[in-house]
There are 2 protein chains.
Amino acid sequence: MAPGALYWHVANKQELLVEVADVLLAEIPAPPVDRPASEALVGLAVAVREVLAAVPDAADVVGLAYAVDPGATRPLRDLARLVHEAGAPAAERDEAAALVVHHILGSVAAQQDRSLAATIDPDLPAPDATAEAKAFEVGLSVIVRGLTRSR
Amino acid sequence: MAPGALYWHVANKQELLVEVADVLLAEIPAPPVDRPASEALVGLAVAVREVLAAVPDAADVVGLAYAVDPGATRPLRDLARLVHEAGAPAAERDEAAALVVHHILGSVAAQQDRSLAATIDPDLPAPDATAEAKAFEVGLSVIVRGLTRSR
DNA sequence: ACCTGAACACCGTTCAAGT
DNA sequence: ACCTGAACACCGTTCAAGT
């Protein structure tokens, strides 16, 4: 297809990227209902992070879509609901959910930045995926503590 | 000056933006020593966010620099120290500091994304800077609670 | 309805030539 | 040492013309 053909389907590049982000997030399974909210929240956040970590530039794309419409995708709506059930007051639900999303996207972007930097400059160490995931979960646990503390 | 003249001073645009970010971060005052760490942490995070929000692409640029070398700039070193003093165990200090940085950069990127989207699509609301700052502080307070809870 | 092909403006970058 | 001016490749977007 010629590049210009895309503009029959979307108004601009941003709109295209939003649809790409939707497709990426759609393959994430719904969180379990028979678990504590804080536990389900951690599981969902880890799942979202895993999916995005595999896709170059995923953080930018999803970040743009989320910034424009935070409730556009089901996994991120689930995330906001679980944040509330895990202890965030209703009035602070969206702000606390944004914190979780920022941590996910920041973690993905940092890992991809380190990976890119390592291929450009061979002196730099390539990131270890399991260590990155573990560091992410440490930050997550700080958030979860902050949420449960607030009810 | 002609645009090409810049390339006598820097290798590429990314390097230029890194220097811009460094200059901006450098003018952030050191946190006060006569205040509780959690309070100083909030003040510093807010100051960093304010400065970066004014610079296009600041989140990407600082994110890349931080991913490669988290301790490169003084304000971000101060941030990691205050995170520790606010309650993060030494073993989790860097991971908790990364959480704060992710929240700062995510908040800045989201605000700039929304601003850009509003100029492209006039139906979308332009972001309100003070509301954005307030939402950021709600997330920050969740982090601070999670930190103080962990000691 | 959907696509091609050619065009346009814009931008990051290079480089020979100037002072 | 530092800058200009012209060039280049690349990319987002438009649009008339095709099927």
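Please refer to the structure higher up on the page.
These numbers come from a predicted model, not from an experiment.

Q: Help me out: how do you make sense of the protein's contact with DNA strand C in this one?
A: If you check the shell around DNA strand C, you find M1(A), A2(A), A5(A), W8(A), H9(A), G4(B), Y7(B), N12(B) and K13(B) and nothing else. Considering DNA strand C, the proportion of its atoms within 4 Å of the protein that are sugar or phosphate atoms stands at 77%. For DNA strand C, a phosphate oxygen lies 2.4 Å from a polar atom in the side chain of Y7(B). One of the side-chain N or O atoms of K13(B) is found 2.5 Å from a phosphate oxygen in DNA strand C. Considering only residue class, the surface near DNA strand C consists of 5 nonpolar, 3 polar and 1 charged.

Q: Just checking my understanding: could you explain the relation of the copies chain B and chain A for this structure?
A: In summary, the two copies of the chain are related to each other by a rotation about an axis coupled with a shift along it. Turning chain B through 177° and shifting it by 0.5 Å along the axis lays it on chain A, with an RMSD of 1.5 Å. The superposition of one copy onto the other is thereby described by a two-fold rotation axis. Measuring from the rotation axis to each C-alpha of chain B, the shortest distance belongs to G146(B), at 1.7 Å. A share of 97% of the interface residues of chain B reappears at the interface of chain A, consistent with the copies meeting face to face through the same patch.

Q: Looking at this structure, I do not really get the environment of R49(B). What am I missing?
A: Residue and element names in this part refer to chain B. Within the secondary structure layout, R49 lies in helix α2 (residues 37-53). Given a relative accessible area of 5%, R49 falls into the buried group. Considered as a pair, R49 and H84 are 35 residues apart in the sequence and their alpha carbons are 20 Å apart. Setting aside residues up to four positions removed in sequence, R49 forms contacts with I104, S107, V108, Q111, A129, E132, A133 and F136.

Q: In this structure, what is going on with the interface of chain B and chain A? I would like to understand it.
A: When the parts of a complex come together, some accessible area is lost, and that lost area is often taken as the interface size. Counting from both sides, the interface comprises 30 residues of chain B and, opposite them, 31 residues of chain A. Of the roughly 2,600 Å² buried at the junction of chain B and chain A (both faces included), carbon and sulfur atoms supply 68%. On the chain B side of the contact with chain A, L99(B), H102(B) and R145(B) bury the most area, a combined 21% of that side's loss. Between the two partners, chain B and chain A, sit 0 salt bridges. Joining chain B to chain A, the criterion identifies 8 residue pairs in polar contact (both at pLDDT 80 or more). Where the side of chain B that touches chain A is concerned, the elements lending two or more residues are α3 (58-68), α5 (93-120) and α6 (129-149) of chain B. Looking at the side of chain B that touches chain A element by element, the count peaks at 12 residues for α5(B). Residue composition of the side of chain B that touches chain A, grouped by class: 14 nonpolar, 9 polar and 7 charged.

Q: Explanation requested: the layout of surface pockets in the structure shown.
A: Where empty space is left becomes clear once a probe the size of a water molecule has been rolled over the atoms. Looking at the largest pocket, its volume works out to about 1,200 Å³. Taken together, 45 residues line the largest pocket, and the ones lying closest to its centre are A59(A), D60(A), A59(B), D60(B) and A109(B). Elements represented by at least two residues in the lining of the largest pocket include exactly α1 (13-26), α3 (58-68) and α5 (93-120) of chain A together with α3 and α5 of chain B. Looking at the lining of the largest pocket, the element that brings in the most residues is α5(A), giving 11 residues.

Q: Just to check I follow, could you spell out α2(B) for this structure?
A: Counting along an α-helix, one turn takes 3.6 residues, and residues three or four places apart therefore face a common direction. In this model, α2(B) (17 residues) spans 24 Å end to end at C-alpha, consistent with the 24 Å of a helix rising 1.5 Å per residue. Those residues of α2(B) lying buried are A37(B), A40(B), L41(B), L44(B), A45(B), V46(B), V48(B), R49(B), V51(B) and L52(B).

Q: Looking at this model, I keep getting lost on the protein's contact with DNA strand D. Mind explaining?
A: Close to DNA strand D lie G4(A), Y7(A), N12(A), K13(A), M1(B), A2(B), A5(B), W8(B) and H9(B). Among the atoms of DNA strand D close to the protein, meaning within 4 Å, 77% are from sugar or phosphate groups. Taking K13(A), its side chain carries an N or O atom lying 2.5 Å from a phosphate oxygen of DNA strand D. By residue class, the composition of the surface near DNA strand D is 5 nonpolar, 3 polar and 1 charged.

Q: So what exactly am I meant to see when it comes to a nonpolar patch on the surface here?
A: Together, M1(A), L6(A) and Y7(A) line one region of the surface with nonpolar side chains, adding up to about 390 Å² of accessible area. Tracing the backbone shows M1(A) in the segment before α1.

Q: Help me out: how do you make sense of a negative patch on the surface in this one?
A: There is a patch of like negative charges on the surface, built from E15(A), E19(A), D22(A), D121(B) and D123(B). Summarising the element assignment, E19(A) is placed in helix α1.

Cut-off values and rules
Residues numbered from 1 in each chain as written. Chains lettered and ligands numbered in written order. Predicted model: local features only at pLDDT ≥ 70, side-chain atom pairs only at ≥ 80, totals over all residues. Heavy atoms only, no water. Near = heavy atom within 4 Å. Polar contact = N/O pair within 3.5 Å; in protein donor to acceptor, adjacent residues only side chain to side chain. Nonpolar A, V, L, I, M, F, W, Y, C, P; charged D, E, K, R; others polar. Least-squares fit on C-alpha atoms with pLDDT ≥ 70 in both. Contact = heavy atoms within 4.5 Å. Helix = DSSP H or I, 4+ residues; strand = E, 2+ residues; numbered from the N terminus. Buried < 20%, exposed > 50% of the residue type's maximum accessible area, 1.4 Å probe, protein only. Buried area = accessible area lost by both parts, 1.4 Å probe. Salt bridge = Lys/Arg side-chain N within 4 Å of Asp/Glu carboxyl O. 1 Å grid on protein atoms, 1.4 Å probe; cavity = no way out; pocket = protein on both sides within 12 Å on 5 of 7 lines; lining within 4 Å. Points joined across faces, edges and corners; volume = space filled by probe spheres on them. Expected span 1.5 Å × (residues − 1). Patch = residues over 30% accessible without salt bridge, like charges linked within 9 Å, V, L, I, M, F, W, Y side chains within 5 Å. Areas by Shrake-Rupley, 256 points an atom, 1.4 Å probe, with all protein chains shown as cover. Lys, Arg positive; Asp, Glu negative; His and termini not counted. Charge placed at Lys NZ, Arg CZ, Asp CG, Glu CD.

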